[in-house]
Each structure stands twice: as C-alpha cells, then as structure tokens.
Amino acid sequence: MAEDALVVFTPSGRRGRFPLGTPLLKAARALGVDVDSVCGGRGICGRCQIVQQVGSFSKHGIESREENLTAFNEVETRYKTKKGMKEGRRLSCQAVLRGDAVIDVPADSQVHRQVVRKRAEVRDIELDPAIRLHYVEVDEPDMHNPSGDLERLQKALLEQWDLSSLECDLHILQTLQKSLRDGKWKVTVAVHRSKVIVAIWPGFHDRAYGIAVDVGSTTIAAHLCSLRSGEVIASSGIMNPQIRFGEDLMSRVSYIMMNPGGEVELTRAVREGLIELIKEVCAEAEVAPEEVLNATFVGNPIMHHLLLGIDPVELGGAPFALALNQGLTLWASEIGLAINEDARVYILPCIAGHVGADTAGVVLSETPYLSDDVVLICDVGTNAEIVLGNKERLLAASSPTGPAFEGAQISCGQRAAPGAIERLRIDPETLEPRYKVIGCDLWSNEEGFEQQIAKVGVTGICGSGIIEALGEMVLSGILANDGTIDGGMAALSPRVQPDGRTFSYLIREGEPEIRVTQNDVRAIQLAKAALYAGAKLLMEKLGVESVDRIVLAGAFGSHIDVKYAMILGMLPDCELEKVTSAGNAAGTGARIALLNQKARDEIEQVVKRIEKIETAVEPKFQEHFVGAMGLPHASDPYPKLAQSVPLPAPKRAQPPQSEGGGERRRRRRG
C-alpha cells in the first residue's frame, strides 16, 4: 500500500508527493502555493478554504476521489455553523491527505489575490499588504527555563510563522504581558513588512485596516481599505483647511515667508483636517481608529513638506530644492494621526521640485514604465504635472498652467459645484447655446429645466464648462484661430456682443449674467499653451513626433470632454479613442502602495530613473508656448483630430444685400 500521495494544486499547477496524513495547508506551504491563513492551521480564521476536484485527471495522472481526503471534521463543522462556508469547500488546515488529490485554491483564499480590476490597459492590484496578522500560541513562563515574554513570543513567531529577528516597539512591550495573560498565551500579532511587531491582541483577531490619502492643495481625499480583502469600505473628502492661508500653493508659501512660524500653522491645519477626515471614514465603516494599522500618502511637493512639518520655502523659488526625494516610512504618531499609535505611514517619493508624490502615485497607477507605447500623462491643476515615455525611458516636467482650468481668472468662473455650467453646445446655424448645470439632469432647452434649477440657480461656469464653451465657439466660427472673438458674427446673432474694444459671447441673461469674454479666452489660451508647451518639450527631449496614448489624471481630467480639449489644442494630436481619463490616479497610486508592499519599492526605483526637465530654464519652452496660443495651434497640424472633428473656418455675415436682395445668406471664410 502506498505510503504517500500525489497532490496537485490549481490554478498554480504546483505538485508534489507527501506522506499520507499530511494536512493540505502544510503541503501547500511546502510547495509555495498561495494559500492565506492568519490562525496558522488551527481552523479559526477560515481563510485557507479549498475545493477538492473529484474525478479522473489524465493530464495530471491522478484519480482524485472524495475519500482521498479525510471527512469533514468537528472543527470545520463548527466554523461552517458560526461563519458559513460555500458548499464543497474545505479548510485546508483540517483536510488531510488519504490519497492522490487535485485541489483548487479559490481566488478569495489566495494571499496575493487580484483585488481591483482597473481599465483594460492597466494592471490589476495584487493584494500583498505591508501589515500581516499572525495568530500564535506562546509557551508559558517556566521557572526551570527562565526567559522573557518577548523572547517566547519571538520564538513562537519563528516556529509557527518562520518570522525571525523581529523588532518590537516600546508601546507593544508596555502592553505585551497583559495581552499574553488576557489571551491565555494565545495572541494575534500584527507585523510590518516581516520586520517589526506593531500591534498585539489577546486571542484571535481578524480585523486590520489601512487608509490611502491624497493631500491636494484644494481637497483631501481618503480611502479606508480592508487589508484582508483589499476592498475600499469607506471614502470621503474635505476641503484642505490650508485654503484660509491662500487659494494656491504659492500664496501659501508667501504667507509662510511673510509670517514667522507660518509653516507651523499650515502643518497644524492640514493635520487637524486629516484627524477629522479619518474619524469620518472610520465612523462610516464602523471601524475603530486603533484598527487602522497602515497609511499611505501622496501630495504635491509643498503639501508633502507641510504634512511632514518641513518648511517649504525652498520650493518657492529656483532651484526649487526638495528636502527629500525618497519614499519615507514613519510612525503615525510622528505626524499626529489619530489611528493606532504604532501604525506605520508610508509617504511616496517626490520626483522634482514641482513634480510631487502625487505624480509618483499617478505613475504607479498608470505604469508607463511597463508600456511599449509612448504614453503622455497629464495631471492638470494650477501646475500641470506631465510624464512622458515608456518602459525604455521616462521624463517628467511641471508646467505653470495657472488656475483658469478650475474656473479661476474667468469672469463668470467658479469651482465645480451645484449651479455651475458644466456642459455646453452651440447651434452652428443660430449660434444659440444650450447647457447643463451641475445638480440638474436636463439641458437648458428641455422642458422643466427652469423649475429644476429654481433652488440652486445658474451661478457661473466651471472648468469643464468653459473648455466646452470655447470648443463650441471654435466649431461654430465665433472664435478665430488666433483666439479672437469674431465681431463680424454679431450681425448673425445677438449672442455676440460688443464688450468695450472687443466682443463677448452671451450664454445666459439674467442675474448673474453669464458670458465668455475676450479676457476669458486669453486666460484659457495661456493655460492651454503652457500645458501643450510642456508636453511638446518632453516629446522633443524624448525624440518623438507623436504619442500613442494620452492619459488625463485628476478631477479636471475626469470631467472634461477630450474632444474639446483637443479642439483647443491643450494636448498634442492623438486619436480621440486613445485619450482616456484616469480619474484620481494619484489616489489610486496611494491605494496600490497601501495594498501592495512591493509597489513601494517599485515606485522608488522608477522615480530614480525618471529624467526631470525644468521648463523654466528651457529656451524652447517659450517657442512652443507662443505657437500653442493658436486654436488648436498656430502651426502644428492636427491630422488625427481632423479625422474625427472637421474644424470649420470661422463664419462672417454677408454684407447687406442690394435692393431687391433675398434672404441673408451665410458663407464660410475661405
């Protein structure tokens, strides 16, 4: 009679022979099969579930019979009664080999399972958190073999989990003896990156959480995640409390320069905001803040420095020197976070003086360093962070776009909030506009629109609205290639009106009156020219005439219609279907770093090889900027855009007809 059995694990395909009586979990570990467990084979956590495949498997040379595993036992029955278990599943720590078997490891039982499916061209997030829970049974003190509680805990972790040379925080030592005795020498230990014990609970504990935070200059967004499943269980955001010191980054740096101790005030403000935000997401998910054991942060360089309590004044002027451009791991208590005091915080690395950890998060999310295609990534804000390249070479730059894309410096501009025009179309014949307002599902020309917006009103136009307005003005001939509002169109529509020495386009009458002025057009031209010039400069440095894909990151990139961005020449020419939005890719990068510890090492290595281009000292930047003032460009052709959106020549009214003339006709300027 055979004394051992062949076992094959799917989907990994790993196989080996083991003595009869070997638990499947032990066999899986010996073969390096990816099976999760917190309790170490005691049938408590239920994470090591498997399914036996029954039948004849000629491919493996195995007859896998039901009786080739031991029967469902008392431990499995107890777990299934208390927690529930899908039909056909077994606990691999309890199922013992009695013969050859084919064993399937479901995705939710794998340690490194894929937890987030993003867009098709972007990789999955593999769950491999920096914090892991380990349940252990510790030897009791013995007068005949004296040793310390920590020594015996370390011995148990080595024997039961193969974790060696573990360090321990003082706070853990202060609670260690009570935890061991309260748990009757059975405890659950949280270990950071297989190096440091950061938390301990009496008995079995199976809850651990992390939080990923994007500290933006305007808003702070946080995502609370389960470190067990990778699931986002609560998300929220707040306005950055630093806004009271200045709307934009440079005004905050100016405040610090003019007010001794101002950096302390700004650091205190952002940290207090984080405390409230973390309380909010924890309360929403019914999670105790002490159960949050890990956090990751991204932010632009000034936010990065202020979060850490570093004076950002050096970033306010050339040569824009960073205090550090490496990733950083620290205790939560060091930056005053209201989570487990021994929790570890990881802050992604900054790339350059105006290209921050938020851009590193975007790079980690979008992985241009793994791409064969040449990818252009633009995170558009007051400064546009631009990354260009592929797996061969990556370049990054910051371009001073200013706040116009966010509705600032626009006569009727406002932030994206209820009442703001976010979509706009112009009839090419009548030049009449129709628009959609945030907070209302109807277009302005649809019945019931005025009733729906009665409470909120139409209060202004936000960034996406002004982009579409100018794009439609180009398509309808109101805007010339040089960005001039064509006063000759006033003869065709009362919407085009004299405005001092220039003209404007009236969108909505009433209070407030909403119109696009010539100064508004110039503000957008300046912003889009800076964005285009930065991208063009990187293309020139990389030695490419075109890009294969464009990714727009950030809130602005999420809401603009890429067709209109291309019509205005914000971006280099590219097929419209190859221009996509990544949403808050910086926040996604923070979440990847939270859920996958190897991603932290990966992004630090990638950042080291990104070439930093400083637009302020590049003579060609100004040349590209001047050409990019044209709509879409003064000289660069847009053949790919023209295939999708024929750009008409501007219209002018015919001179008045002679006596007996018929209906006024329109013609397009040649």
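Below, the structure is looked at part by part. A quick note: this is a predicted structure, and the numbers were derived from the prediction, not measured.

Re the overall build of the protein chain
- The helix and strand tally for the protein chain stands at 17 helices and 33 strands.
- C-alpha extents for the protein chain along the principal axes are approximately 115 × 65 × 55 Å.
- Within the protein chain, buried positions represent 56% of all 670 residues.
- Within the protein chain, counting contacts between residues at least 6 apart in sequence, those at least 24 apart form 65% of the total.
- When the accessible surface of the protein chain is split by element, carbon and sulfur atoms take 49% of a total near 28,900 Å².
- Across the protein chain, the 74 positively charged side chains and the 89 negatively charged ones have centroids separated by 3 Å.

A closer look at the sheet that holds strand β29 (residues 549-553)
- With mixed pairing, the six strands of this open sheet are ordered in space as β30-β29-β20-β21-β22-β31. Taken across any chain shown, the strands that pair with only one partner, and hence form the sheet edges, are β30 (579-583) and β31 (611-612).
- Sheet topology places strand β20 (residues 375-379) next to β29; five bridges connect them, and they run parallel. Pairing of Leu376 across the sheet is with Ile550, part of β29.

Remarks on empty space enclosed by the protein
- For the structure shown, the criterion picks out one cavity of 30 Å³ or more.
- Taken as a whole, the largest cavity spans an internal volume of roughly 40 Å³.
- If you go around the largest cavity, the residues you meet are Val215, Phe297, Val298, Gly299, Met303, His304, Leu307, Leu308, Ile347 and Ala357.
- For the lining of the largest cavity, the secondary structure elements donating two or more residues are β17 (292-299) and α7 (301-307).
- For the lining of the largest cavity, the per-class residue count stands at eight nonpolar, two polar and no charged.

Looking at the side chain of Asp36
- Mapping Asp36 onto the fold places it in the loop between α1 (24-31) and β3 (49-53).
- We classify Asp36 as buried; its relative accessible area is 7%.
- Among the polar contacts listed, one links the side chain of Asp36 to the side chain of Arg47, at a separation of 3.4 Å.
- Sequence-distant contacts of Asp36, that is, excluding residues within four places in its chain, are made with Arg47, Cys48, Ser109, Gln110, Val111 and Arg113.

A closer look at the layout of surface pockets
- Space inside the largest pocket adds up to approximately 1,100 Å³.
- As for the largest pocket, its lining consists of 43 residues, and the residues nearest its centre are Thr218, Thr219, Glu406, Ala555 and Phe556.
- Those elements that place two or more of their residues in the lining of the largest pocket are β14 (209-215), β15 (219-226), β16 (232-239), α5 (249-258), α7, α10 (463-475) and α12 (554-559).
- Sorting elements by how many residues they give to the lining of the largest pocket places α12 first, with four residues.
- For the lining of the largest pocket, a count of residues per class yields 16 nonpolar, 19 polar and eight charged.
- Lining the second largest pocket are 36 residues; nearest its centre among them are Ser37, Val111, Arg132, His134 and Trp161.

Here we look at α5
- Buried within α5 are the following residues: Leu249, Arg252, Val253 and Ile256. One side of α5 carries all its buried residues, which in axial view fall inside an arc of 100 degrees. Across α5 from its buried face, at more than 90 degrees, point the exposed residues Met257 and Met258.
- Where α5 is buried, its residues touch α6 (262-285) and α7.

About the criteria used
- By convention here, each chain's residues receive numbers from 1 onward along its written sequence.
- Restriction of local features to residues with pLDDT of at least 70 applies here, the model being predicted, together with a cutoff of 80 or more for giving and counting side-chain atom pairs; totals for whole chains, interfaces and linings are based on all residues.
- Water and hydrogen atoms play no part in the side-chain values, which are based on all heavy atoms of the structure.
- Each helix is a run of H or I in the DSSP string that is no shorter than four residues. Each strand is a run of E no shorter than two, and both are numbered from the N terminus.
- Think of it in three bands: with a 1.4 Å probe and only protein chains considered, a residue is buried below 20% of the maximum accessible area for its type, exposed above 50%, and partly exposed in between.
- Contacts: residue pairs with any heavy atoms within 4.5 Å of one another.
- Residue burial considers only the protein chains on display, and all accessible areas are found by Shrake-Rupley using a 1.4 Å probe.
- Charge assignment: positive for Lys and Arg, negative for Asp and Glu; neither His nor the chain ends contribute.
- Every charge is mapped to an atom, namely NZ of Lys, CZ of Arg, CG of Asp or CD of Glu.
- Two strands form a pair only when DSSP identifies at least two bridges running between them.
- Both site types are read off a 1 Å grid over the protein atoms alone. A 1.4 Å probe that fits but cannot get out defines a cavity, while an open set with protein on both sides within 12 Å along at least five of seven lines defines a pocket; lining residues have an atom within 4 Å of a point.
- Grid points are joined across faces, edges and corners, and a volume is the space filled by probe spheres set on the points.
- Under this grouping Gly is polar, as are all residues other than the nonpolar Ala, Val, Leu, Ile, Met, Phe, Trp, Tyr, Cys and Pro and the charged Asp, Glu, Lys and Arg.
- Pairs of N or O atoms are called polar contacts if they sit within 3.5 Å, as long as, within protein, a hydrogen donor faces a hydrogen acceptor (for residues adjacent in sequence, only side-chain-to-side-chain pairs).
- Throughout, the arc means that of the directions going from the helix axis to the C-beta atoms.

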